[in-house]
Amino acid sequence: MNKPAVLVIDDERDIRELLTITLGRMGLRVDAASDVAEAKRCLGESRYALCFTDMRLPDGSGQEIIELIALSYPETPVAMITAYGSVDAAVNALKAGAFDFVSKPVDINMLRRLVQTALRLSESKRVEAPSAVAARMLGDSPAIQELRSTIGKLARSQAPVYISGESGVGKELVARLIHEQGPRANGPFVPVNCGAIPSELMESEFFGHKKGSFTGAQADKDGLFQAANGGTLFLDEVAELPVHMQVKLLRVIQEKAVRPIGGRAEVPVDVRILSATHKNLGKLVEANQFRQDLYYRINVIELRVPPLRERRDDIPKLAGRVLERLAADNGQPPARLTPDALAALLVYAFPGNVRELENVLERAVALCENNTIKPEDLRLAPALAKTAPVGENEDDAESDAGGLDSYISNIEREAIMKALQETRYNKTAAAKKLGITFRALRYKLKKLGID
């Protein structure tokens, strides 16, 4: 069986020899080039499972090599070799199509993990993605077809992806699909809601701690980055990170290492970072509420998830799947939507998107008679039961909503009071029943003035 071939492009002999020896010990055949011209000749004569290129070369730049490979040899993952701390160059390379980057001086263990990931990626490009994975992103509308296609492309990269979109559109599902369709699929997928971790515990949760490093630290503990090592860390609601954690997260992204609280040495981590928020992160940067340097690091590639009002054609299929799931949970045949009820769903603006559709249908199943859902069973907000303009952004939707705040607040208040009554005012149980965190329930109780 032929050994997988790797091309190393660097004008420093020591780096070429180090990579050649290390990769050779991994059972790989290595070709080396010292400039752009020699690299182009090698690429034209052989097929490579992986390529490493330095950025500064005697007759050009590694960026030129990355762009050439992305255009003419897309099946070959390319990683950039960069000087220590040159993250701006790394970000530009990732945007141009690089798979990942490795900093000088080269960490051999990190290099081995990168190579293993790249080889899985090279192999996965020859294998069709499982249809079962794609099926989880339901719908046939142009918007959802484009989203599925983009997910498939992003899955092959290791670049940080910022997933934007309104609440309830399915940003975590998108993150999971990017993970599952990529070379890290066999590694862990670790989702974390940045708004659900108390500020004083964040550093310990993210980076871990050593025994005795603070009161209550009775044993060593790995953080979320170590838990996601070899896989993907999904930072949901990243806009909620306090400034001190934004600084520390930026350093982890730059150095690919974490220092546990009380630890003397940094621990290398091989993690792909995906992030998301329903807020406008660009506006938060302008308002100095989110660090611009971190924004550019996590937003190497932005993926917008369309709201449900931009993919109305998918509503019948989504509704059908939700009703099937509810029926399976309840051990009864699926409820049926009358034509008028379906028509009402098709013209509703769905400010809560897919999550709201699920909640509306779950409530309707509980209220309907004879397993048949009529328009009145849906209890849709009348002022929102109109067609919203396609392409309307979140800010426009808020301004058009007019006096709906009090209406929506009343709905929230009724739902919360009902859950509290049914759980005998056990707030933890009520939060679980409502499908929200205890912290979110506490916030809503304060906002709505409920004791």
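Residues numbered from 1 in each chain as written. Predicted model: local features only at pLDDT ≥ 70, side-chain atom pairs only at ≥ 80, totals over all residues. Heavy atoms only, no water.

Draft legend 1. Examining the overall build of the protein chain more closely. Across its full length, the protein chain holds 21 helices and 16 strands. Sorting the 451 residues of the protein chain into buried and exposed places 46% on the buried side. Carbon and sulfur atoms make up 49% of the accessible area of the protein chain, which totals about 22,500 Å². (Helix = DSSP H or I, 4+ residues; strand = E, 2+ residues; numbered from the N terminus. Buried < 20%, exposed > 50% of the residue type's maximum accessible area, 1.4 Å probe, protein only. Areas by Shrake-Rupley, 256 points an atom, 1.4 Å probe, with all protein chains shown as cover.)

Draft legend 2. Examining the sheet that holds strand S9 (residues 189–193) more closely. What the five strands build is an open sheet, ordered S9-S10-S13-S8-S14; its pairing is parallel. Looking along the sheet, the strands with just one partner apiece sit at the ends: S9 and strand S14 (301–304). Each adjacent strand pair in this sheet contributes to an overall mean axis angle of 20°, direction not counted. Here five bridges tie strand S10 (residues 232–236) to strand S13 (residues 272–277), and the two strands are oriented parallel to one another. In the strand pairing of S13, Asp236 is matched with Ala276. Helix H7 (residues 142–155) rests against strand S8 (161–164), S13 and S14 of the sheet, and its axis sits at about 155° to S14. (Pairing = 2+ DSSP bridges. Axes fitted to C-alpha atoms, helices over the stretch in contact; angles between N-to-C directions. Contact = heavy atoms within 4.5 Å.)

Draft legend 3. Up close: helix H1 (residues 13–25). Taking 1.5 Å per residue as the helical rise, H1 with its 13 residues ought to reach 18 Å, and the 18 Å between its terminal C-alpha atoms agrees with that figure. Taken as a whole, H1 has its buried residues at Ile15, Arg16, Leu19, Thr22 and Leu23. Taken around the axis of H1, the buried residues stretch over an arc of 140°, which confines them to a single face. Those residues of H1 that are exposed and aimed more than 90 degrees away from the buried face are Arg13, Asp14 and Arg25. Positive backbone phi, approximately 85°, marks Gly27, located one or two places after H1. (Expected span 1.5 Å × (residues − 1). Arc of directions from axis to C-beta.)

Draft legend 4. Up close: the packing of helix H14 (residues 315–330) against helix H16 (residues 353–367). Contact pair H14 / H16: the axes reach a minimum separation of 10 Å and the direction vectors enclose 50°. With respect to H16, the axis of H14 lies oblique. Where H14 crosses over H16, the handedness of that crossing is right-handed. Contacts from Leu318, Ala319, Val322, Leu323, Arg325, Leu326 and Asn330 in H14 reach Val354, Leu357, Glu358, Leu361, Glu362 and Val365 in H16. The class makeup of the residues in the contact of H14 with H16 is nine nonpolar, one polar and three charged. (Parallel < 35°, antiparallel > 145°, perpendicular 65-115°, else oblique. Left-handed = near helix turned anticlockwise from the far one by under 90°. Nonpolar A, V, L, I, M, F, W, Y, C, P; charged D, E, K, R; others polar.)

Draft legend 5. Quick peek at the nonpolar core. Counting 32 residues, the largest nonpolar core has Phe206, Phe225, Leu233, Leu235, Leu281 and Phe290 as the members making the most contacts within it. When residues of this core are assigned to their parent elements, the largest contribution, five residues, is made by helix H11 (residues 243–255). Here Leu233 is in contact with Val190, Val192, Leu224, Phe225, Ala228, Val271, Arg272, Ile273 and Leu274, once residues within four sequence places are set aside. (Core = buried A, V, L, I, M, F, W, Y, C linked by side-chain atoms within 4.5 Å.)

Draft legend 6. View of the packing of aromatic side chains. Tallied over the entire structure, the rule returns six aromatic pairs. The interplanar angle of 20° and the centroid separation of 6.2 Å between the aromatic rings of Phe189 and Phe234 together place this pair among those described as stacked. Note that Phe189 is positioned in strand S9 and Phe234 in strand S10, a separation of 45 residues in sequence. Under the relative-accessibility criterion, Phe189 is labelled buried at 15%. Look at Tyr295 and Tyr296: their rings are 5.5 Å apart centre to centre, the planes differ by 55°, and that puts the pair in the tilted class. Ring-pair connections join several aromatic residues into one group, and the members of that group are Phe206, Phe207 and Phe225. (Phe/Tyr/Trp six-rings, centres within 6.5 Å; stacked < 30°, edge-to-face > 60°.)

Draft legend 7. Fine view of the side chain of Glu237. Among the structural elements, Glu237 can be located in the loop between S10 and H11. Polar contacts involving the side chain of Glu237 include one to the side chain of Thr277, which spans 3.1 Å. Those residues in contact with Glu237, other than ones at most four positions away along the chain, are Asn193, Cys194, Gly195, Ala276, Thr277 and His278. (Polar contact = N/O pair within 3.5 Å; in protein donor to acceptor, adjacent residues only side chain to side chain.)

Draft legend 8. Seen up close, the pattern of salt bridges. A full pass over the atoms with the stated rule returns 19 salt bridges. We note a salt bridge from Asp270 to Arg184, for which the minimum N-O separation is 2.6 Å. With Asp270 in the loop between strand S12 (267–268) and S13 and Arg184 in the loop between helix H8 (171–180) and S9, the pair connects residues that are 86 residues apart, well separated along the chain. The burial state of Asp270 is the same as that of Arg184; both residues are buried. Across the pair Lys433 and Glu422 runs a salt bridge whose closest N-O atoms are separated by 3.3 Å. With Lys433 in helix H20 (residues 427–434) and Glu422 in helix H19 (residues 404–422), this pair connects stretches of sequence that are eleven residues apart. Judged by relative accessible area, which is 51%, Lys433 ranks as exposed. By relative accessible area, which is 45% here, Glu422 ends up partly exposed. Salt bridges sharing common partners tie together Glu38, Arg41 and Glu45. (Salt bridge = Lys/Arg side-chain N within 4 Å of Asp/Glu carboxyl O.)

Draft legend 9. Structural detail: the pairing of strand S6 (residues 78–82). The buried count for S6 comes to five of five residues, which makes it a mostly enclosed element. With burial as the criterion, each face of S6 is covered, one bearing Val78, Met80 and Thr82 and the other bearing Ala79 and Ile81. In terms of strand pairing, strand S3 (residues 50–54) meets S6 through four bridges, oriented parallel. Bridged to Cys51 within S6 is Val78.

Draft legend 10. The arrangement of the sheet that holds strand S2 (residues 29–33) in detail. The sheet built from five strands is open, its strands ordered S2-S1-S3-S6-S7 with parallel pairing. On the outer flanks of this sheet lie S2 and strand S7 (100–103), each paired with one strand and no other. Put simply, the sheet's adjacent strands are angled 20° from each other on average, direction ignored. Sheet topology note: the S6/S7 ladder contains four bridges and is parallel. By the bridge assignment for S7, Ala79 is matched with Asp100. The sheet strands contacting H1 are strand S1 (5–9), S2, S3 and S6, and the helix crosses S2 at an angle near 170°.

Draft legend 11. The arrangement of the side chain of Thr232 in detail. Its location among the elements puts Thr232 in strand S10. Among the polar contacts made by the side chain of Thr232, one reaches the side chain of His179 at a distance of 2.8 Å. Sequence-distant contacts of Thr232, that is, excluding residues within four places in its chain, are made with His179, Arg184, Pro188, Phe189, Val190, Val271, Arg272 and Leu274.

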